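Listed here are the chains, written in short residue letters.
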Amino acid sequence: EARRLDERTQGSRAFYERARRSLAGGVASSYQTRDPWPIYLERGKGARVWDVDGNELIDFHNGFGSMVQGHAHPTITKAVNARIELGTHFAAPTEDAIVVGEELARRWGLPKWRYVNSGSEATMDAIRIARAATGRDTIVKIFGSYHGHHDYVMVSIGVEYDRIGDRFDLASLPYGLGIPRAVAEMTVAVPFNDAEAMERRIERLIEEGRAPACVIMEAAMMNLGVVLPEPGYLEAVREITRRHGILLIFDEVKTGLCIAAGGAVERFGVRPDLVTLAKALGGGLPSGAIGGTEEAFELVEAGKVVQVGTYNGNPLSMAAARANLLEVLTPAAYAHLDTLNDRLMQGCQAVIEKFSFPGYAVGVGSKGCVTFSPERISDYASFKANQDAELCELAWLYNMNRGIFMTPGREEEWTLSITHTFAECDRFVAVFEELAHDLTA
Ligand code: PMP
């Protein structure tokens, strides 16, 4: 399969050879790398993308889950084109920014909003707001959870960094080099789906004089495939954080506009103090937002917490976000995504049962995956122990060779767009069936 993909992607190979001379590793971002070379894309329309070799692929990668509205959506394209004619950047607020804020406040039931340009900036600023509001420095996150590339949260994501791991507490382990130990140690990880462990750790931190400012988490983990919260878990976390005066941040960069019109807050019915959004918000343009309660934003409004950025609320991103929220990713769109995703998950689950394949299909809203594990995965430890990395790689090659574009690696899930069809979901299932058949034959 690997050789077959190499033969189909010789144009990407040529791009890579050229790109390596000017771009580090031949790519714009470390998560775009792949051995032996990355696949360079040329264009996208609806649920399809085309690579530089002209291979047409059904897109289940969707820009790490940003393109829930599909590629080059005519409504968003029109809004962006209209805005381009009127000027693309002022560093002054525009009406679109107000409209987007009003819509987000309505959907999330949180009154105050600010904008940024990426998920990383959203989580970085949300943590600052929480630290200021509580006057505390320590933050609690979930083992294995990704919240962006700044130092506060590049901690205890993968414990495969064994070369530095033995010098650090695993709960405060820097993810990669270049992250100061002193910064990493202000972040403490606890396992997902275990409210008791979270509370025990919080109590210990309080005893040590390190009471946490916030718990930052995804309500459903979206970088171990998909791991859903067990019944009662989010409610328990809400209760524990409130009791200890800790702000709860739901990082909805992935879940936000993917699993319901009002994200995880709507889907699971638990309201945090702060939420972070990015990815699908801008309809394919860089954007992000932080939403919160009046209390959380008090010091921002007083000018005591400085939340800034030249491109915050950029007119182009805001025009795209306005069209996206008001005309494209409407509540009706989510009912459609649920139907599509049910079809895909049920199709995959039927294959699993037909071939007694070790795994299960799981998902919510536009997101899902087949987890290649005989055991149900509930947190990072069970993921690391059970998820079959080799099988993930093989499944990716099968997909790419048969016209299905997915993220490489074992962490990501599929993201459907509103432009996907049942036929495209069925194609995904057919390719999975071919894999299951070949492996069990
Ligand atoms: N939070 C979560 C939950 C994410 O999945 C990501 C990106 N995958 C981020 C934050 C960071 O977003 P960005 O890459 O836009 O900085």
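Sequence order as written defines the numbering, with residues in each chain counted from 1. With pLDDT at 70 or above as the cut-off, local features in this predicted model cover only qualifying residues; side-chain atom pairs require 80 or more to be listed or tallied, and sums for whole chains, interfaces and linings still use all residues. Hydrogen atoms and water are omitted, and side-chain values are computed over all heavy atoms in the structure.

**Considerations on helix 16 (residues 389-401)**
Move 1: The numbering of helices and of strands both runs from the N terminus, where a helix is a DSSP run of H or I of at least 4 residues and a strand a run of E of at least 2. An expected span of 1.5 Å times one less than the residue number is assigned to each helix. In this model helix 16 runs 19 Å from its N-terminal to its C-terminal C-alpha over 13 residues, within 8% of the 18 Å that 1.5 Å per residue would give.
Move 2: Using a 1.4 Å probe on the protein chains alone, a residue whose accessible area is under 20% of its type maximum counts as buried, one over 50% counts as exposed, and one in between counts as partly exposed. All buried positions along helix 16 are accounted for by Leu-391, Cys-392, Ala-395, Trp-396, Leu-397, Tyr-398, Asn-399, Met-400 and Asn-401.
Move 3: Contacts are assigned to residue pairs with any non-hydrogen atoms lying within 4.5 Å of each other. Its buried side turned inward, helix 16 meets helix 1 (2-8), strand 3 (56-59), strand 13 (404-405) and helix 17 (422-440).
Move 4: Polar contact criterion, stated in full: a pair of N or O atoms within 3.5 Å, where within protein one must be able to donate a hydrogen and the other to accept it, and residues adjacent in sequence count only if both atoms are side-chain atoms. Between the side-chain oxygen of the N-cap and the backbone nitrogen of Glu-390 there are 3.2 Å, and the N-cap of helix 16 in question is Asp-388.

**Remarks on the site of the ligand**
Move 1: For the ligand, the full set of nearby residues is Ser-118, Gly-119, Ser-120, Tyr-146, His-147, Gly-148, Glu-218, Asp-251, Val-253, Lys-254 and Lys-279.
Move 2: Within the side chain of Ser-120, one N or O atom sits 2.6 Å away from an oxygen atom of the ligand.
Move 3: One of the side-chain N or O atoms of Lys-279 is found 2.9 Å from a nitrogen atom in the ligand.
Move 4: Exposure was quantified through the Shrake-Rupley algorithm and a 1.4 Å probe, taking into account, for residues, occlusion by the shown protein chains and nothing else. In the complex, the protein chains occlude 84% of the 390 Å² of accessible area that the ligand would expose alone.
Move 5: Gly is put with the polar residues, along with every residue not named as nonpolar or charged; the nonpolar set is Ala, Val, Leu, Ile, Met, Phe, Trp, Tyr, Cys and Pro, and the charged set is Asp, Glu, Lys and Arg. Among the residues making up the shell around the ligand, the classes are represented as 2 nonpolar, 5 polar and 4 charged. By convention in these notes, a residue is near a molecule or strand provided one of its non-hydrogen atoms lies within 4 Å of it.

**Some remarks on unusual backbone geometry**
Move 1: A cis amide bond links Asp-35 with the next residue in sequence, Pro-36, at an omega value of -5°.
Move 2: With respect to the secondary-structure elements, Pro-36 resides in the loop between helix 2 (10-22) and strand 1 (41-45).
Move 3: One non-glycine residue, Phe-64, lies in positive phi territory at about 55°.
Move 4: Within the element layout of this structure, Phe-64 appears in helix 3 (residues 62-65).
Move 5: Taking relative accessible area as the criterion, Phe-64 reaches 25% and is therefore assigned partly exposed.

**Concerning the pattern of salt bridges**
Move 1: Salt bridges are defined by distance alone: a side-chain nitrogen of Lys or Arg within 4 Å of a carboxyl oxygen of Asp or Glu. Summed over all chains, the structure comprises 24 salt bridges.
Move 2: Ionic pairing is found between Arg-48 and Glu-56, a salt bridge with its closest N-O pair at 2.8 Å.
Move 3: For Arg-48, a relative accessible area of 26% puts it in the partly exposed group.
Move 4: Exposure remark for Glu-56: the relative accessible area of 41% places this residue in the partly exposed category.
Move 5: Each of the salt bridges in this network shares a partner with another, and the network as a whole consists of Glu-1, Arg-4, Arg-402 and Glu-434.

**Quick look at the packing of aromatic side chains**
Move 1: By convention, a stacked pair of Phe, Tyr or Trp rings (six-membered ring in the case of Trp) has centres within 6.5 Å and planes under 30 degrees apart, an edge-to-face pair has planes over 60 apart, and any other such pair is tilted. Going through the model one piece at a time under the given rule, you end up with 9 aromatic pairs.
Move 2: Arranged with centres 5.1 Å apart and planes meeting at 75°, the rings of Phe-192 and Tyr-233 form a pair that is edge-to-face. With Phe-192 in the loop between strand 6 (187-190) and helix 9 (195-207) and Tyr-233 in helix 10 (residues 233-243), the pair connects residues that are 41 residues apart, well separated along the chain. For the pair shown, Phe-192 and Tyr-233 are each scored as buried.
Move 3: On the basis of an interplanar angle of 75° and a centroid distance of 5.2 Å, the ring pair of Trp-414 and Phe-428 is categorised as edge-to-face. Placement of the pair is Trp-414 in strand 14 (residues 414-415) and Phe-428 in helix 17, with a sequence separation of 14 residues. Take Trp-414 and Phe-428: they sit in the same class, and that class is buried.
Move 4: Aromatic rings pair up to connect Phe-60, Trp-414 and Phe-428 into one cluster.
Move 5: Charge over a ring is defined by NZ of Lys or CZ of Arg lying within 6 Å of the ring centre and within 35 degrees of the ring normal. The cationic tip of Arg-43 hangs over the ring face of Trp-50; the distance from NZ or CZ to the ring centre is 4.1 Å.

**Here's the deal with the layout of surface pockets**
Move 1: The definitions used throughout rest on a 1 Å grid laid over the protein atoms alone, on which a cavity is an enclosed set of points accommodating a 1.4 Å probe that cannot get out and a pocket is an open set flanked by protein within 12 Å on both sides along at least five of seven lines; lining residues are those having an atom within 4 Å of a point. Grid points are joined across faces, edges and corners, and a volume is the space filled by probe spheres set on the points. In this structure, the second largest pocket spans a volume of roughly 420 Å³.
Move 2: Where the lining of the second largest pocket is concerned, the elements lending two or more residues are helix 5 (95-108) and strand 4 (112-116).
Move 3: Per-element accounting of the lining of the second largest pocket gives the leading share, 5 residues, to helix 5.
Move 4: Its residues assigned to classes, the lining of the second largest pocket shows 11 nonpolar, 8 polar and 3 charged.

**Focus: the domain arrangement of the protein**
Move 1: Domain delimitation in this document rests on an assignment produced automatically or drawn from a domain database. Considered domain by domain, the protein is made up of domain 1 (2-68 + 330-440) and domain 2 (74-328).
Move 2: Facing 32 residues of domain 1, the contacting portion of domain 2 comprises 36 residues.
Move 3: Buried area is understood as the total, over both parts, of accessible area removed when two parts are fitted together, assessed with a 1.4 Å probe. Summed over both sides, the interface of domain 1 with domain 2 buries roughly 2,600 Å², with 60% coming from carbon and sulfur.
Move 4: At the surface where domain 1 touches domain 2, the tally comes to 3 salt bridges.

**Considering the sheet that holds strand 9 (residues 274-277)**
Move 1: Pairing between strands is defined by DSSP: at least two bridges between the two strands are required. One open sheet accounts for 7 strands, arranged 4-10-9-8-7-5-6; its pairing is mixed. The sheet terminates laterally at strand 4 and strand 6, the two strands that pair on one side only. Between one strand and the next, the sheet's axes are offset by a mean angle of 20°, whatever the strand orientation.
Move 2: Judged from the 5 bridges that link them, strand 4 and strand 10 (residues 288-292) form a sheet pairing that is antiparallel. Note on strand 10: the bridge partner recorded for Trp-113 is Gly-291.
Move 3: For helices, the fitted line uses only the C-alpha atoms of the stretch in contact; every axis is such a line through C-alpha atoms, and the angle between N-to-C directions lies from 0 to 180 degrees. Helix 9 rests against strand 5 (139-142), strand 6 and strand 7 (214-217) of the sheet, and its axis sits at about 150° to strand 6.
Move 4: Relative to strand 4, helix 12 (residues 294-301) is tilted by about 60°, and along the sheet it contacts strand 4, strand 8 (247-251), strand 9 and strand 10.

**Focus on the side chain of Thr-293**
Move 1: Its place among the elements puts Thr-293 in the loop between strand 10 and helix 12.
Move 2: For Thr-293, the residues in contact, after removing those within four places along its chain, are Leu-110, Pro-111 and Asp-273.

**Quick look at empty space enclosed by the protein**
Move 1: A full pass over the atoms with the stated rule returns 1 cavity of 30 Å³ or more.
Move 2: Roughly 280 Å³ of volume is contained in the largest cavity.
Move 3: If you trace the largest cavity, you find 20 residues lining it, with Val-370, Phe-372, Ala-395, Asn-399 and Met-406 closest to the centre.
Move 4: Among the elements of the structure, strand 12 (367-371), helix 16 and helix 17 are those that each provide at least two residues to the lining of the largest cavity.
Move 5: Among the elements that make up the lining of the largest cavity, the one with the highest residue count is helix 16 (5 residues).
Move 6: Looking at side-chain class alone, the lining of the largest cavity contains 13 nonpolar, 5 polar and 2 charged residues.

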